[in-house]
Amino acid sequence: MLDAHGRTYAEEAGIRLRDTPQPLYRLLVLACLLSARIRASVAVATARSLADAGLKDPRRMADASWQRRVDALGAGGYRRYDERTATQLGEGAELLLDRYGGDVRRMRVAADGDTGRLPEILQEIPGLGPAGAGIFLREVQGVWPELLPYLDDKALRGAARLGLPDRPGPLARLVDPEDTPALAAALVRAALDQEVVEDVRRRAEE
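Residues numbered from 1 in each chain as written. Predicted model: local features only at pLDDT ≥ 70, side-chain atom pairs only at ≥ 80, totals over all residues. Heavy atoms only, no water.

J.: Looking at this structure, I do not really get the nonpolar core. What am I missing?
T.: Generally speaking, a soluble globular protein has its nonpolar side chains buried in company with each other. Leu30, Leu50, Val104, Phe136 and Leu151 are the most contacted members of the largest nonpolar core, which has 67 residues in total. Among the elements that make up this core, the one with the highest residue count is helix α3 (residues 21-35) (10 residues). (Core = buried A, V, L, I, M, F, W, Y, C linked by side-chain atoms within 4.5 Å. Buried < 20%, exposed > 50% of the residue type's maximum accessible area, 1.4 Å probe, protein only. Helix = DSSP H or I, 4+ residues; strand = E, 2+ residues; numbered from the N terminus.)

Dropping the structure here:
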């Protein structure tokens, strides 16, 4: 399952995730894009398009014109929601700059060790609802280890479809801690796509 479907969404978007401002911001933007009712492949391509347009940090995102953001979103195929999302990305960048000095790590600090508060803090960003916060936390647990294991309801639904443990603790013990983000990504794909479930079962039987 990990070999075939365990690539994280950050990896797909070309984000080398580290506990530094730029990759964390790019992950936050990716989580916003993935929150919409649009194919994950389109959201990932659009995250790459925004990076290619130079919009890799909140200052550049905030300083970019609305039209430039719309064009970058459209280039990635994110056309259905491009105008609204262009506005939200600008507003989110401004909020991040004003409230957190443009550093996503300060949102972690604001939680003061209470991982239960992090989803609420993340949802201050326009366009990032509960689903988007969950996406961000599933991916970031590899560099914010206090979150381990972060396997939310969607990941657990995938586990249930595969006949795996349906609680985070026993499920996480099936892999090394550093592989938990990949496990979460694979389980989410299983929750969303029956073909993934069938492929994993087929591989298990070989």
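We are not done yet, so read on.
J.: What's the story with the pattern of salt bridges in this structure? I'm lost.
T.: Pairing is possible between side chains of opposite charge, provided their charged atoms come close. Inspection of the entire model under this criterion finds 10 salt bridges. Residue Glu12 is joined to Arg189 by a salt bridge in which the shortest nitrogen-to-oxygen separation is 3.1 Å. With Glu12 in helix α2 (residues 9-12) and Arg189 in helix α13 (residues 180-192), the pair connects residues that are 177 residues apart, well separated along the chain. Taking the relative accessible area as the measure of exposure, Glu12 reaches 25% and is therefore partly exposed. Residues joined in a network through salt bridges with shared partners are Asp19, Arg108 and Glu146. (Salt bridge = Lys/Arg side-chain N within 4 Å of Asp/Glu carboxyl O.)

J.: Sorry if this is basic, but what is going on with the packing of helix α11 (residues 153-161) against α13 here?
T.: Relative to each other, α11 and α13 sit at 70 degrees, their axes nearing to 7 Å. Classified by the angle their axes make, α11 and α13 are roughly perpendicular. Residue-level inspection shows Lys154, Ala155, Arg157, Gly158, Ala159 and Arg161 of α11 in contact with α13, the latter providing Ala184, Leu187, Val188, Ala190, Ala191 and Leu192. Taken together, the residues of the contact of α11 with α13 break down into eight nonpolar, one polar and three charged. (Axes fitted to C-alpha atoms, helices over the stretch in contact; angles between N-to-C directions. Parallel < 35°, antiparallel > 145°, perpendicular 65-115°, else oblique. Contact = heavy atoms within 4.5 Å. Nonpolar A, V, L, I, M, F, W, Y, C, P; charged D, E, K, R; others polar.)

J.: Help me understand the environment of Arg39 in this model?
T.: Along the chain, the position of Arg39 falls in the loop between α3 and α4 (40-52). Along the chain, Arg39 and Arg68 lie 29 residues apart, while their C-alpha atoms are 22 Å from each other.

J.: Honestly, the side chain of Thr46 in this entry has me stumped. Any pointers?
T.: By the element assignment, Thr46 lies in helix α4. Among residues more than four places away in sequence, those in contact with Thr46 are Leu33, Leu73, Gly76, Gly77 and Tyr78.

J.: Could you clarify how one ought to interpret the environment of Ala190 in this entry?
T.: Here Ala190 lies in helix α13. With relative accessibility at 0%, the residue Ala190 sits in the buried group. Residues Ala190 and Lys154, 36 residues apart in the sequence, show an inter-C-alpha distance of 9.3 Å.

J.: Got a minute to help me understand the layout of surface pockets in this structure?
T.: Gaps between atoms show up when a probe of the same size as a water molecule is rolled over them. The calculated volume of the largest pocket comes to roughly 310 Å³. What lines the largest pocket is a set of 17 residues, among which Leu34, Ala131, Ile135, Arg138 and Lys154 lie closest to the centre. Breaking the lining of the largest pocket down by element, the ones donating at least two residues are α3, α10 (130-140) and α13. At five residues, the largest contribution of residues to the lining of the largest pocket is made by α10. Grouping the constituent residues of the lining of the largest pocket by class yields 10 nonpolar, two polar and five charged. Its volume calculated, the second largest pocket comes out at about 270 Å³. Looking at the second largest pocket, it is lined by 17 residues, and the ones nearest its centre are Thr8, Glu139, Gly142, Glu178 and Pro181. (1 Å grid on protein atoms, 1.4 Å probe; cavity = no way out; pocket = protein on both sides within 12 Å on 5 of 7 lines; lining within 4 Å. Points joined across faces, edges and corners; volume = space filled by probe spheres on them.)

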